[in-house]
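# Observations on chain architecture
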Amino acid sequence: MARIVMKFGGTSVANLDRIRHVSRLVEAEVEAGHEVAVVVSAMSGETNRLVALVDALDQETDLGAPIEDEYDSIVSSGEQVTSGLLAIALRRRGLKARSWLGWQIPLRTDNAHSKARIAEIENSAIGPSMSDGNVAVVAGFQGIAEDGRISTLGRGGSDTSAVALAVALKADRCDIYTDVDGIYTTDPRIAKDARRLGRIAFEEMLELASLGAKVLQTRSVELAMNNNLPIRVLTSMAEVGDDNPGTLVCNEDETMEERVVSGVAYSRDEAQITLLQLKDTPGMVAKVCKAMSEAGVIVDMIVQGISRSDNAANLTFTVGIRDLDKALKALEVEKDNIGFENIKSDDNVTKVSVVGIGMRSHTGVAQTMFEALADKGINVEVIATSEIKISVLIDSEYTELAVRVLHQAFELEKTSA
Ligand code: ADP
Ligand code: ASP
Ligand code: MG
């Protein structure tokens, strides 16, 4: 007997038929003798619908008062519905099952409403309930904050709920069921020749997720890596008994380093800001970063233009697209203090990245990448690198082209599964 956490995303519980299908997949694990906790997302589209309701009202009445606590109580409701529905579907198959909301577990988080981090899941009644033969159907994405209110874990957060629960329950397996049959060399919706990877190292998956591959929430990979808990990503569209190996996200092994590049990711959630004619003095970048951090804006890629003879420079950096207005307002306020003449901004940019732990031991990746982009006339605006990734900022218009071209340049269609 094993203890298993199964997680089903929005498409996997999109309607009652899909929920019935999920109940069959769960039943198969129970019949195999396992103790099962199931984490569910809201039905696909539901969280977007709820967020849009909040945004519409918020924009009408924006007086600056924070509303994130109420946002959480609204957007978490989608998961309440699916957890109850799946519990009913399981009971209708003759299984013992009950739903659990975040506060009932309790899954405790910090007070960072709308992007809370999990603090602990301790002494939960879930474990004993599972040992009594009940399937635990858990509403993903939500927890209870220190202030006693409902919190949510950021978009895609049900993945993190599942991993955190698997760690807390000392589960033998954490299976993330989704609408693709594993982790691919790039988003299969963009490159038709993308290949499923049999295994991928935690570190690579962490980079891919944080660089835009939405298939797993970044925090879930971080949590799995820190607790050395392999995650299997597989499709929920398969029938019981089908061969469904998926992709194992796990510690790296030697074979993984043979692949120079494992995947290509892209993120359209970027915006670019350029400060023109900055006084090129020590501490100028620090002032910009201070203004951004005080406004609660995370700065990502930064590049400083070459100083000109008049001792002025240009500074370009990127921020999350949702933070652009906030960033521009904060910079205007600090204009004299920072000492620049003009601001330009562009939210029509995409960050495209290649990732692979093989980059540590292979050279030439940057050359291949820049040549491939140049061949197609794609202009690179900002570059950022780490030991296992290279990212470029390009005009959004070229997103699909850049992803496909890089996928080909690194021959990712030939990667064996
Ligand atoms: P869920 O609703 O199950 O959480 P998501 O929509 O969050 O599913 O994530 C699955 C989607 O992630 C896929 O449909 C796919 O388009 C996208 N995706 C992006 N990059 C990758 C990748 N490298 N491998 C697999 N899927 C990817
Ligand atoms: N329903 C939430 C979202 O759409 C959480 C999740 O699906 O993981 O972001
Ligand atoms: Mg998801």
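Let me begin by describing the structure that accompanies this report. What you see is a predicted model; the values in this text were computed from it and never measured.

Glancing now at the packing of helix α10 (residues 284-294) against helix α11 (residues 324-333). The N-to-C vectors of α10 and α11 enclose an angle of 125°; their axes lie 9 Å apart at closest approach. In this view, α10 runs oblique relative to α11, as classed from their interaxial angle. As α10 packs across α11, the resulting crossing turns out to be right-handed. Across the interface between the two elements, Val288, Ala291 and Met292 of α10 pack against Ala327, Ala330 and Leu331 of α11. Of the residues belonging to the contact of α10 with α11, the class tally is six nonpolar, no polar and no charged.

Turning our attention to the sheet that holds strand β14 (residues 299-304). Strand order in the open sheet made by the six strands is β14-β15-β13-β16-β18-β17, with antiparallel pairing throughout. Only two strands of the sheet have a single neighbouring strand rather than two, namely β14 and β17 (382-386). Strand-to-strand twist of the sheet, defined as the mean angle between neighbouring strand axes without regard to direction, takes the value 30°. Where strand β13 (residues 263-279) lies against strand β16 (residues 342-355), 11 bridges are found, and the strand directions are antiparallel. Paired with Thr274 across the strands is Lys344, a residue of β16. Its contacts with the sheet place α10 against β13, β14 and β15 (312-320), and it is angled at close to 25° to β15.

Reading the values: rules and limits
Residues numbered from 1 in each chain as written. Chains lettered and ligands numbered in written order. Predicted model: local features only at pLDDT ≥ 70, side-chain atom pairs only at ≥ 80, totals over all residues. Heavy atoms only, no water. Axes fitted to C-alpha atoms, helices over the stretch in contact; angles between N-to-C directions. Helix = DSSP H or I, 4+ residues; strand = E, 2+ residues; numbered from the N terminus. Parallel < 35°, antiparallel > 145°, perpendicular 65-115°, else oblique. Left-handed = near helix turned anticlockwise from the far one by under 90°. Contact = heavy atoms within 4.5 Å. Nonpolar A, V, L, I, M, F, W, Y, C, P; charged D, E, K, R; others polar. Pairing = 2+ DSSP bridges.

All quantities given are derived from atomic positions and should not be read as evidence of function.
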